[in-house]
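Geometric and topological summary
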Amino acid sequence: MSPLDNVRILEFPKVCDPRGNLSFIEEAIHVPFAIKRVFYIYDVPGGASRGGHAHRRNRQVLICLNGSMDLHLTDGHTEKVITLNRAHNGVLIPPGVWDSMHNFSSGTVLLVVCSEYYDEDDYIRDYPRFLEYVEQNYFSS
Ligand code: TYD
């Protein structure tokens, strides 16, 4: 089974109000894991891309709080491209998926909610190494 099969679009609660909308995320309820870490990407210069790696254990949910960006996901065989531009939606990215983010609009703020603490050893940053990893761990019977 491809790790891409476990990518999910999540819909968070949205409390609409004339004063402005409010959304919230509770661990193990609106994201399917206990939250150990959040980080956010902002002030992305025009034309820059982020990501370009996969994780061995970390699960993460990406939420575009402001602006828009294109999320490219691949298992080494198939690519999915998802445009993120709604603060009440998230994309669940399981381990074993190579992600990269492109085409950031000016002022984009991307929030990432993670199942694991930061650990550089959890990253696969080399694409040929990623292809070997997914073949061994997901595609070989
Ligand atoms: P990185 O995950 O490579 O960013 P991107 O998703 O755009 O590829 O992280 C960039 C740098 O920030 C890297 O040196 C590691 C550091 N970092 C932390 O120290 N803690 C964190 O939680 C994250 C996500 C990154």
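In this text, all values refer to a predicted model and were calculated from it rather than measured experimentally.

A few words on the overall build of the protein. Scanning the protein from terminus to terminus reveals one helix and 12 strands. Start at the N end of the protein and walk to the C end: the helices and strands fall as β-β-β-β-β-β-β-β-β-β-β-β-α. Relative to the globule expectation of 14 Å for 141 residues, the C-alpha radius of gyration of the protein, 15 Å, shows essentially globular dimensions. Along the longest, intermediate and shortest principal axes, the C-alpha atoms of the protein span 55 × 35 × 25 Å. Buried positions account for 40% of the 141 residues belonging to the protein. Sequence separation of at least 24 residues holds for 78% of the intrachain contacts in the protein that already meet a minimum separation of 6. Working note: accessible area of the protein is about 7,900 Å², and carbon and sulfur atoms make up 49% of it. Between the centroid of the 13 positive side chains of the protein and the centroid of its 18 negative side chains there is a distance of 4 Å.

Counted by the stated rule, this structure contains five aromatic pairs. An aromatic cluster of three or more residues is present, and its members are Trp 98, Tyr 127 and Phe 130. Over the aromatic face of Tyr 123 sits the side chain of Arg 125, whose NZ or CZ is 4.0 Å from the ring centroid.

Quick look at the sheet that holds strand β4 (residues 37–41) now. Pairing in this open sheet of five strands is antiparallel, and the strands run β1-β9-β6-β11-β4 from one edge to the other. Looking at which strands have only one partner, the edges of the open sheet turn out to be β1 (8–11) and β4. On average, each strand axis in the sheet is inclined to that of its neighbour by 25 degrees, with strand direction left out of account. Pairing geometry for β1 and strand β9 (residues 89–93), over four bridges, is antiparallel. If you follow Ile 9 over to β9, its bridge partner there is Val 91.

What follows deals with the pairing of strand β5 (residues 50–55). Bridging between β5 and strand β10 (residues 98–102) involves three bridges; their strand directions are antiparallel. Looking at the pairing, His 53 lines up with Asp 99 of β10. Relative to strand β12 (residues 123–124), β5 runs antiparallel, the two being bridged by two bridges. Following the sheet pairing, His 55 is matched in β12 by Tyr 123.

Thresholds applied
- Residues numbered from 1 in each chain as written.
- Predicted model: local features only at pLDDT ≥ 70, side-chain atom pairs only at ≥ 80, totals over all residues.
- Heavy atoms only, no water.
- Helix = DSSP H or I, 4+ residues; strand = E, 2+ residues; numbered from the N terminus.
- Rg over C-alpha atoms; globule rule 2.2 N^0.38 Å.
- Buried < 20%, exposed > 50% of the residue type's maximum accessible area, 1.4 Å probe, protein only.
- Contact = heavy atoms within 4.5 Å.
- Areas by Shrake-Rupley, 256 points an atom, 1.4 Å probe, with all protein chains shown as cover.
- Lys, Arg positive; Asp, Glu negative; His and termini not counted.
- Charge placed at Lys NZ, Arg CZ, Asp CG, Glu CD.
- Phe/Tyr/Trp six-rings, centres within 6.5 Å; stacked < 30°, edge-to-face > 60°.
- Lys NZ or Arg CZ within 6 Å of the ring centre and 35° of its normal.
- Pairing = 2+ DSSP bridges.
- Axes fitted to C-alpha atoms, helices over the stretch in contact; angles between N-to-C directions.

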